[in-house]
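Single-letter residue listing:
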Amino acid sequence: MLTKYVLQEMPLLTSLFFIFGVFIIYEILFDGVRSVLSLKEINIESGLLKAQLGIMYLSILLFGLQTLVVNRQTTWIFINFQIIALIFCAVFLDAPINYPIFIPIVLAFMIFNSAIFYWESWCFALTLFLFYYSLKYIKKKRTNSFPFIYYMLDGLFFGTILWGLARIKFSLNGAIIFQQVSYLIVFEIFVYSYIGFFIRDIRVKQTLYEFAHLDALTHVKNFAAFDNDIHFFFNQHQSNDINVAMIMFDIDHFKNINDHYGHLVGDKVLQQVADITQTVLNANDENINFYRTGGEEFNILLPNYKLSEIDSITQEVFTAINNSQFNFNNQTVDVSVSVGSSEIRENDLNSDEFFNRVDDALYQSKRNGRMRITKS
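All values derive from a computational prediction rather than experimental measurement.

**Q** An account of the overall build of the chain is needed here, citing residue identities and associated values.
**A** Across its full length, the chain carries 13 helices and 7 strands. Counting only C-alpha atoms, the chain reaches 90 × 50 × 40 Å along its principal axes. Across the 376 residues in the chain, those meeting the buried criterion constitute 44%. Counting only carbon and sulfur atoms, one obtains 60% of the accessible surface of the chain, whose full area is about 20600 Å². Here the chain carries 27 positive and 35 negative side-chain charges, and the mean point of each set is 9 Å from the other.

**Q** Pulling in residues and values, what's your account of the packing of helix α4 (residues 79-92) against helix α7 (residues 148-170)?
**A** The geometry of α4 relative to α7 is characterised by a closest axis approach of 11 Å and an angle of 145° between their N-to-C directions. The hand of the α4/α7 crossing is right-handed. Between α4, through Ile79, Asn80, Ile83 and Val91, and α7, the contact on the second element is made entirely by Tyr151, Gly159, Leu162, Trp163 and Ala166. Of the residues contributing to the contact of α4 with α7, the split by class is 7 nonpolar, 2 polar and no charged.

**Q** Requested: an account of the packing of aromatic side chains, with residues and values cited.
**A** Throughout the structure, instances matching the rule amount to 29 aromatic pairs. Ring plane angle 20° and centroid distance 6.1 Å describe the contact between Phe23 and Phe92, whose orientation is recorded as stacked. Of this pair, Phe23 sits in helix α2 (residues 11-39) while Phe92 sits in helix α4, placing them 69 residues apart in sequence. On the numbers, 6.2 Å between centres and 40° between planes, the contact of Phe223 with Phe226 is tilted. One end of the pair is Phe223 and the other is Phe226, both in helix α9 (residues 223-240) and 3 residues apart, which spans about a single turn. Looking at Phe223, the relative accessible area reads 45%, which means it is partly exposed. An aromatic cluster of three or more residues is present, and its members are Phe20, Phe23, Tyr26, Phe30, Tyr57, Phe88, Phe92, Phe190, Tyr194 and Phe198.

**Q** Describe in detail the sheet that holds strand β1 (residues 244-251), supporting the description with residues and values.
**A** With respect to topology, 5 strands assemble into an open sheet ordered β2-β3-β1-β6-β7, the strand pairing being mixed. Across the chains shown, the open sheet's two edge strands, defined by having one partner strand only, are β2 (289-292) and β7 (373-375). Here the average twist between neighbouring strands, direction ignored, is 15°. With 3 bridges connecting them, strand β6 (residues 337-343) and β7 associate as parallel partners. Across the sheet, residue Val339 finds its bridge partner in β7, namely Ile373. In the packing of helix α12 (residues 311-322) onto the sheet, the strands contacted are β1, β3 (297-303), β6 and β7, and the crossing angle to β6 comes to about 170°.

**Q** Now, about the pattern of salt bridges: what can you tell me, with residues and values included?
**A** Following the criterion strictly, the structure yields 9 salt bridges and no others. Linking Arg34 and Asp31 is a salt bridge whose minimum nitrogen-to-oxygen distance equals 2.9 Å. On the criterion of helical spacing, the pair formed by Arg34 and Asp31 is a turn pair, its members being 3 residues apart in helix α2. Residue Arg34 is classed as partly exposed on the basis of its relative accessible area of 38%. Among the residues examined, Asp31 registers a relative accessible area of 35% and is labelled partly exposed.

**Q** Now, about the pairing of β1: what can you tell me, with residues and values included?
**A** In terms of residue burial, β1 counts as a mostly covered element, since 8 of its 8 residues are buried. Burial along β1 is two-sided: the face carrying Val244, Met246, Met248 and Asp250 and the face carrying Ala245, Ile247, Phe249 and Ile251 are both buried. Sheet topology places β1 next to β3; 7 bridges connect them, and they run antiparallel. Looking at the pairing, Phe249 lines up with Phe298 of β3. Direction of pairing for β1 relative to β6: antiparallel, over a ladder of 7 bridges. Within β6, the residue paired with Met248 across the bridge is Gly340.

**Q** Please provide a residue-by-residue account of α12, values included.
**A** Between its first and last C-alpha, α12 extends 16 Å over 12 residues, near the 16 Å set by a 1.5 Å rise per residue. Every buried residue of α12 is listed here: Ile313, Thr314, Val317, Phe318, Ile321 and Asn322. Buried residues of α12, viewed axially, fall in a sector of 150°; they line one side.

Conventions we followed
Residues take numbers from 1 onward in each chain, read along the sequence in its written order. Local features in this predicted model are restricted to residues whose pLDDT is 70 or higher, and side-chain atom pairs enter the listing and the counts only when it is 80 or higher, whereas totals over whole chains, interfaces and linings include all residues. Hydrogens and water are ignored here; the side-chain numbers use all heavy atoms of the structure. Put simply, DSSP marks the helices as runs of H or I at least four residues long and the strands as runs of E at least two long, and each gets a number from the N terminus on. When accessible area is computed with a 1.4 Å probe and restricted to protein chains, residues below 20% of their type maximum are described as buried, those above 50% as exposed, and intermediate ones as partly exposed. Method for areas: the Shrake-Rupley scheme with a 1.4 Å probe, in which residue coverage is limited to the protein chains shown. The convention is simple: Lys and Arg are positive, Asp and Glu are negative, and His and the chain ends are not counted. We put the charge of a Lys on NZ, of an Arg on CZ, of an Asp on CG and of a Glu on CD. Structural elements are reduced to axes, namely lines fitted to C-alpha atoms, with helices fitted over the stretch in contact, and the angle between N-to-C directions of any two is expressed from 0 to 180 degrees. Left-handed describes a crossing whose near helix is turned anticlockwise from the far helix through less than a right angle; right-handed describes the clockwise counterpart. Whether two residues are in contact is decided by their heavy atoms, any of which lying within 4.5 Å being enough. Under the convention adopted here, Pro, Cys and the residues Ala, Val, Leu, Ile, Met, Phe, Trp and Tyr are nonpolar, Asp, Glu, Lys and Arg are charged, and Gly plus all remaining residues are polar. For Phe, Tyr and Trp, rings pair up if their centres lie within 6.5 Å, where Trp contributes its six-membered ring, and each pair is then called stacked (planes under 30 degrees apart), edge-to-face (over 60) or tilted (otherwise). Strand pairing is assigned whenever DSSP identifies at least 2 bridges connecting the two strands. Throughout this description, the term salt bridge denotes a Lys or Arg side-chain nitrogen within 4 Å of a carboxyl oxygen of Asp or Glu. In this scheme, a helix's expected span is set at 1.5 Å multiplied by one less than its residue total. It is the directions from the helix axis to the C-beta atoms whose arc is reported.

Written out as structure tokens, the structure reads:
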């Protein structure tokens, strides 16, 4: 009895709960698919998975809902949900503007509703495309904070156009249009508030993650991240037989730099060394992992590389640092590095044995006069 009353007399509240449920089910679905892929060791970039899964999920949902009213005079009843679905894709999923994907979906939807021969339906589809583009434009231009007001005004503008087209096509009276646009405003407030809260939560988690896993001075990964990753890659080597190599280097006579030029100059040397190394690594392979693991010590983990395959990368890093100019406050600082490298071997019992072998190679370079590379 109560349920029937709520459904019939409180459609706005019912719709809000429905939209909220759609969001929650998607989050559960996304986490489930991501967990399954992780267990099967299938690597898909999280943002790409989020967008592709979301588009499929919403497409199926929209077609499913539309079957309830297809070929009836009330086919307009889910227009607000179509608008919210578009907002969900553009703002929450951050799906790219991929016309080869969206155009067939829209055409299929029009054919499904027997609406392809109506000029109002084509105008409706064009308005949806423009609305989606405008949402992406706002998201791109307003990156510093969540542009709630801009989104609201944009949605109200295009929503009014869409409901105007619906009024012409379905001969709806002004009271229905006013009611549906009012509902749309409430839906937008709810949806954008939810998305804004979700984005703020992600940013907080990202900040905490960076604080825990990034070196504050050089902005490369820190020892905690290195410790996690070396264990992960060692396990990957054992379970999937992937090759993993490592390069370790530190700055020669770094204490003398601090003592002679001061710790501020020493910090700038560390930052420049990190920047040079990261540039070289990015130019070779963005999947290479770079860490500052100690005061002047840096490590590079190279998954899917044999020791024989990293010679050119090792030499590039070595040459780039040793041949760079380090000028601070009209002072030229001589900077060189010593390097050691190795790879995981079949007889390594754990990641510590791998690490110690690279560490020994580095100290062999230092014992032999520094500014050299030693492979082990």
